[in-house]
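Spelled out, the chains give:
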Amino acid sequence: MPGDRLSAAAEPTTAFDKIWNAHLVKTLDDGRDLVFVDRHILQETTSAPAFDGLERSRRRVRHPELTVATQDHIVSTEPGRDERSNPVGRELLDLMRSNSDAHRIRIFGVDDPRQGIVHVIGPELGLALPGCLLACGDSHTSTVGGLGALGIGVGTSEVEHVLATQTLALTRPRNMRVRFEGTVGPGVTAKDLILRAIGQLGIAAGQGCAVEYAGDAIRALPVEARLTLCNMSIELGARLGLVAPDETTIEYVRGREFAPAGRDFEQAAAEWRSLTSDAAARFERDFVVDCAAISPQVTWGTSPQDVAGVDECVPDPAGFGDAKRRDLAAAAIRYMGLEPGMKIEGIPIDVAFIGSCTNSRLADLEAAATIVRGRRVAGHVRALVVPGSTSVRHAAEALGLDRIFRDAGFEWRDAGCSMCVSVNEDVVPSGARCIATTNRNFENRQGPGSRTHLASPAMVAAAAIAGRITDLRKGSGT
Amino acid sequence: MRPGFAGVTGVMAVMPLANVNTDAIIPSAWLRTARADFGKGLFGSQRYGADGRERPEFVLNRAPFRHAKILLADENFGCGSSREAAVWALAQFGIRCVLAPSFADIFYENAFRNGLLVAKIDAASYLALAAAVDRHGQDPIFIVDLPAGTVTGPDGARFPFAVPAARAAALIRGDDEIDMTLHHAGDIEAYHAAAAATHPWLYAGTDTAEIAP
Ligand code: SF4
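Procedures and definitions
Residue positions are given per chain, counting from 1 as you read along its sequence in written order. For this description, chains carry letters from A and ligands carry numbers from 1, given in the order in which they are written. Since the coordinates come from a predicted model, pLDDT governs what is reported: local features require at least 70, and pairs of side-chain atoms require 80 or more to be given and counted, while whole-chain, interface and lining totals use all residues. Side-chain numbers here rest on the full set of heavy atoms in the structure, without hydrogens or water. Confidence scores here are pLDDT values: one per residue, from the predictor, ranging 0 to 100. Relative accessibility decides the category of a residue: with a 1.4 Å probe and only protein chains considered, values under 20% of the type maximum give buried, values over 50% give exposed, and everything between is partly exposed. A run of DSSP states H or I qualifies as a helix once it reaches four residues; a run of E qualifies as a strand once it reaches two. Both are numbered from the N-terminal end. When DSSP locates at least two bridges between a pair of strands, those strands are taken to pair. Here a cavity is any set of points on a 1 Å grid over the protein atoms alone where a 1.4 Å probe fits but cannot get out, and a pocket is any open set with protein on both sides within 12 Å along at least 5 of 7 lines; a residue lines the site when it has an atom within 4 Å of a point. Grid points are joined across faces, edges and corners, and a volume is the space filled by probe spheres set on the points. Only Asp, Glu, Lys and Arg are considered charged, only Ala, Val, Leu, Ile, Met, Phe, Trp, Tyr, Cys and Pro nonpolar, and every remaining residue, Gly among them, polar. Here, residues are in contact when the closest pair of their heavy atoms is within 4.5 Å. The axes used here are C-alpha line fits, helices contributing only the stretch in contact, and every angle between their N-to-C directions lies in the interval 0 to 180 degrees.

(A) The arrangement of the confidence of the model for chain B in detail. Of all residues in chain B, 95% have pLDDT values of 70 or greater, and the mean over the chain is 91. With a pTM of 0.89, the predicted complex shows an ipTM of 0.92.

This is the structure:
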């Protein structure tokens, strides 16, 4: 990212523009920008056909040293699992390994302590850095925006494109900002902030945009929470999201395995501090979300915008002005087995899932453990904790969190995507109702006929104990 | 290079829904192997019952829509995830063109990369086209003409659609995106060399010399 391009810009610019401009190789004839990819993370379910394509056209991986692979989507999360534990996943897991070996790409496979969900290990290992541009074949790559990085989620053809060229040809996203103003109430987490923003602005609000999250409430968030926030930029319809780096970010990055060290780190940090939006920078779309009005959020439908406070009710579709939204809401309520006007608090649940790149970092598990400590999961509920990475699992075990969860009746599993995408053996049965810390509540997402309510880790923990959705602010959680 | 694509003539099927997401287009059950029959999995959750049998009420299970080549949908088609199999599923089923008032960003990019035409129509055209399919339910043959930017119905009514000119040209020529980019390999290397000189820390620690081939 040559620095001269930064100083050349006299116009007030956004943090996003500064980082994007620093990665611009050139603007193509069709108006798209060719941008350089500093880091490329591969996972097993979207890379095999990309390597096939590469081989067919006899191309090589241009920068294997900037590429890292892991195994997360289809791995078994059975405690003590290995690459063979999920027979259905064997083919893709083997291909991830053989392709990485053949192209000299570093792989953190299921047997490596650095294994984990792509978007969890990127920041954790210092692969994702503030101001860098990172690509990965999974839509929630926006997660790394929590560090002030540009995380671009791509499909398999683009994975092949990055492997072959170390660039992406993209339409430059437009600038959007969401400012969170006011004081955040008790029990309200980054997950609730972003769910509320999606509910308020809708799932298409960010189309074609890079969203910067700003405001005092955001500045106060630790990096792990910022990662949660940026993760769900995709559910806001955006291409990516970011929080401009600050001292909190810099301290988070310091000392991570692949982060710069010593003098390099100080030089890097000086540059990271400059990656903020100028006061006069223009945002094509600018929204305000009032934090004081946010209570813990729970989705009631089959789109992330179908969301309400736990102290609210399932809406009456008739109340939606827009006819299409009305039909969708009615269909969603039917699919979810709910009734308009029903209180969200008290909806009985069958499964509670804590995991996914949205909410599976150490702070998420700690928040859930605080609720769970010394209590029991309701008899009819299957409750699971799936740490986002093997190192999160180890850190949690060092703190004794695994004991707290297991004593309460939670399953304590090995790291992976698990019930977020349910391509491995972790599936919600048809008709069953799951409250989950994931990012998508689509029909059939967690298994055919599954019903999903999205919420924060503490809310999921409280529901697991109570056996029904409950307002954790009421103290007991039961 | 892939074969050039200037348009398609064929049956149009309608998914009269907004926000059709990629999980609906290709459910995760079809994503567990490297070379699944994605065309069979297209809209799998809606197309098949729990017993795996076709549900006769689903549009793509009915004649003439079993052989649809054009799909009409409402806004924000392809939202959800980056799963490119959503595009492969449509293409392998035989869909060559999706018409909708708007598309989700990643789906839109993925479609062009795989030679699937995704064309934006206005809301009025969406309604008129859906009505035309209804009226000509036995023989809903439409003509999509990419160079002209129009779709013509069985009764001759013609509607414009929007495709960025450069995208249309690339589809018509059958450009391979990676080849196109590699024409700029010199610029890419110059960029990388400059970045490595000014930002050595960005590439420090990424050396893979220790990785065995
Ligand atoms: S946890 Fe879910 S959203 Fe995140 S990377 Fe895995 S499958 Fe994608």
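(B) Here's a closer look at the pairing of strand S7 (residues 150–153) of chain A. Residues and elements named next belong to chain A. Residue alternation in S7 divides its side chains into two sets, Leu 150 and Ile 152 and Gly 151 and Gly 153, and both sets are buried. Looking at chain direction, strand S6 (residues 133–136) and S7 are connected through 4 bridges and run parallel. Counterpart to Leu 134 in the pairing with S7 is Gly 151.

(C) Structural context of the layout of surface pockets. Size it by volume and the second largest pocket reaches roughly 620 Å³. When contributions to the lining of the second largest pocket are tallied by element, the ones reaching two or more residues are helix H3 (44–56) and helix H6 (156–165) of chain A together with helix H8 (177–182) of chain B. For the lining of the second largest pocket, the leading source of residues is H3(A), giving 6 residues. Looking at the lining of the second largest pocket residue by residue, the class counts come to 9 nonpolar, 6 polar and 12 charged.

(D) Local environment of the sheet that holds strand S16 (residues 382–385) of chain A. Residue and element names in this part refer to chain A. If you trace the 5 strands from one edge of the open sheet to the other, you get S17-S16-S15-S18-S19, paired in parallel fashion. With one partner strand each, in any of the chains shown, strand S17 (411–412) and strand S19 (451–454) form the two edges of the open sheet. As judged from the 2 bridges shared by S16 and S17, these two strands associate in the parallel manner. Residue Val 385 lies in a different strand from S17, and its bridge partner there is Trp 412.

(E) Molecular detail of the side chain of A:Glu158. Here A:Glu158 is to be found in helix H6. Discounting chain neighbours no more than four positions away, the residues touching A:Glu158 are A:Leu168, A:Leu170, A:Arg239, B:Glu84, B:Asn110 and B:Arg113.

(F) View of the sheet that holds strand S1 (residues 24–27) of chain A. Read from one edge to the other, the open sheet built from 3 strands follows the order S1-S2-S8 (chain A), with strand pairing classed as antiparallel. Looking at which strands have only one partner, the edges of the open sheet turn out to be S1 and strand S8 (167–170) of chain A. Strand-to-strand, the axes of this sheet are offset by a mean angle of 20°, without reference to chain direction. With 3 bridges connecting them, S1(A) and strand S2 (residues 33–36) of chain A associate as antiparallel partners. Considered in S2(A), the bridge of A:Lys26 is made with A:Leu34. The sheet contacts of helix H9 (residues 185–198) of chain B involve S1, S2 and S8 of chain A, and relative to S1(A) the element is tilted by about 150°.

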